[in-house]
Protein chains: 2
Amino acid sequence: MSKLDNKNAQPDSSCLIEKLSQFIDLSGVDKDLLATLEKSSQQFDRHEQVWGVDTQLENMYVVKQGWLITYTILQDGRRQVLELHYPGDVIGSSDIPFRHATSNLMAVEPCVLCPFPKSAIDVIFRESPRLTALIFTLAMIDKSINLDRIRILGRMSARERLAHILLEIHSRLSLTGGVSENQYRLPLSQFDLGDAVGLTNVSVSNGLTHLEEDGLISRSKGMVELKNIDRLTKLSDYINRYHEVDISWFPDAST
Amino acid sequence: MSKLDNKNAQPDSSCLIEKLSQFIDLSGVDKDLLATLEKSSQQFDRHEQVWGVDTQLENMYVVKQGWLITYTILQDGRRQVLELHYPGDVIGSSDIPFRHATSNLMAVEPCVLCPFPKSAIDVIFRESPRLTALIFTLAMIDKSINLDRIRILGRMSARERLAHILLEIHSRLSLTGGVSENQYRLPLSQFDLGDAVGLTNVSVSNGLTHLEEDGLISRSKGMVELKNIDRLTKLSDYINRYHEVDISWFPDAST
DNA sequence: AAACATATTTAATCTAGTTTAAATCAACAG
DNA sequence: CTGTTGATTTAAACTAGATTAAATATGTTT
């Protein structure tokens, strides 16, 4: 648990403000509110656990750098990866209703996180309807992605599941500039990928090889390229949830 | 689409107020707010669709009577049931961020729903931080149940999945008095159940028969009895999410 | 009560993905 | 450059659950 307080954190370039400004214009009041909340950033090593099941959660986090996963472990030791987290994500809203964390959160590579107190959510609800709407919306987008995951786990073949999650990652990374020429860095092992879509590492290897042979993707040195997005989309019945988001109903910026 | 407006709906016994009062004390102001929002109730027949994918959502609903399911259909016609909805549920918050519905909503038996306009959420965010916290919390509980579903779909055997969903239903119905002596009415067919946990109806039949032979459950005339909750819980690694909910942080009732 | 439609059970066969294990490949420290 | 560690690939044997289909059971309508 070697969480190093990063003393170099610049208080003026807040992670939260940066993240949330991508979606809506923030008023000065909202920015001041967010600035108050944010603590100095923390670094985490590869495979370091940020919190575990039954940790009493003090903080939520904005991801400044690196990928993380939430996961659970079954009695027999098998693992199910529940959610992937990327730079720009707000992590922890799912656990707000609960006294303890409901899953484990682990860095899959070196990460920088910006914590802010869980209790801040209460302040936001009271002070800023507009920020409230935004945080609610982000949580609901995550939820719809979870429902898509349920769909592929319940009813799809190995190839389809893999195509689907590669597209999902592609969509999410595109939001924050992590994709160019349909190519992105994929820091997940085939174990991680398998645990996310309910397959063994062996099936992941076979499936990816197969997709590559069919010319749908190509891989090299931790990078993936989606060579035929149309066919991948059709194969896995993929829907980009980020494209349909409607923020027109948000309350006006507080004066 | 024979949605019958129920002219007998009593405006003074609001579904929303009744539902939300189960969790927190509502101030007079909050009650007035909710009363304004609610429309007259609607009835739906067995297997009638309330909304479909790509319906432009006008309303959210409180379930007054009957069970419903949200589901999606794959290209090949197979179905995945995403969520179960019971009397007392608020349906539709997942779709708030989106212009169109992301799934289909269908009554599995005759239902009575109380619609309120989707736009009301904006009013609630602006007027009542306390109601906001409640609605957010309910959505996050649903989300954690979705994550549990991902877990069982990704990594559990047929028997374990069935034990898990029977316990999940048990926990939820217990909240609103739908269980006595660990026995409850289960209006879902084995097709429905299978589509919820990623199995065929044949595997559901086999699995339930097996659980019954082992003395873990018993069935008769659309009722299920959980005869050994401890063993079912251990078998499926079940966690009752409703037990860990913490509402102590909610903003005070507005004055 | 008879007739029909719908659900459930049972059984035989088949297959996608698991399991296990060995071989190959890649990354990196010394 | 080499040895070590971890990740990926490949292959063979196995199995849980799918598929298909027929037999019962249950419920509803007339």
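Owing to the predicted nature of the structure, the values given are computational and were not obtained by experimental measurement.

### Section: the protein's contact with DNA strand C
And step 1. As a structural note, the neighbourhood of DNA strand C is formed by 15 residues, with A158(A), T200(A), S203(A), Q190(B) and S205(B) the closest of them.
And step 2. Here DNA strand C approaches the protein such that, of its atoms within 4 Å, sugar and phosphate make up 74%.
And step 3. Measuring from a phosphate oxygen of DNA strand C, one finds a side-chain N or O atom of T200(A) at 2.9 Å.
And step 4. Elements supplying a minimum of two residues to the surface near DNA strand C: α7 (201-213) of chain A together with α7 (201-213) of chain B.
And step 5. Per-element tally for the surface near DNA strand C: the top contributor is α7(B), with 4 residues.
And step 6. Among the residues making up the surface near DNA strand C, the classes are represented as 4 nonpolar, 9 polar and 2 charged.

### Here's the deal with the pattern of salt bridges
And step 1. Tallying each qualifying case throughout the model produces 26 salt bridges over all chains.
And step 2. Residue R155(B) is joined to D195(A) by a salt bridge in which the shortest nitrogen-to-oxygen separation is 2.6 Å. You can see R155(B) sitting in helix α4 (residues 129-155) and its partner D195(A) sitting in helix α6 (residues 190-197), one on each of two chains. For the pair shown, R155(B) and D195(A) are each scored as buried.
And step 3. Among the ionic pairs, R219(A) bridges to E212(A), the shortest N-O distance being 2.9 Å.
And step 4. For R219(A), a relative accessible area of 30% puts it in the partly exposed group.
And step 5. For E212(A), a relative accessible area of 27% corresponds to the partly exposed category.
And step 6. The network of salt bridges with common partners includes R79(A), D192(A), D195(A) and R155(B).

### Some points on the relation of the copies chain A and chain B
The operation relating the pair of chain copies consists of a rotation about an axis and a translation along that axis.
And step 1. Rotating chain A by 180° about the axis while translating it 0.0 Å along that axis superimposes it on chain B, leaving an RMSD of 0.0 Å. Here the transformation between the copies is reduced to the relation of a two-fold axis.
And step 2. Mapped onto chain B, 100% of the interface residues of chain A are again interface residues, and the two copies thus contact each other with one and the same surface.

The rules behind each value
Residues numbered from 1 in each chain as written. Chains lettered and ligands numbered in written order. Predicted model: local features only at pLDDT ≥ 70, side-chain atom pairs only at ≥ 80, totals over all residues. Heavy atoms only, no water. Near = heavy atom within 4 Å. Polar contact = N/O pair within 3.5 Å; in protein donor to acceptor, adjacent residues only side chain to side chain. Helix = DSSP H or I, 4+ residues; strand = E, 2+ residues; numbered from the N terminus. Nonpolar A, V, L, I, M, F, W, Y, C, P; charged D, E, K, R; others polar. Salt bridge = Lys/Arg side-chain N within 4 Å of Asp/Glu carboxyl O. Buried < 20%, exposed > 50% of the residue type's maximum accessible area, 1.4 Å probe, protein only. Least-squares fit on C-alpha atoms with pLDDT ≥ 70 in both. Contact = heavy atoms within 4.5 Å.

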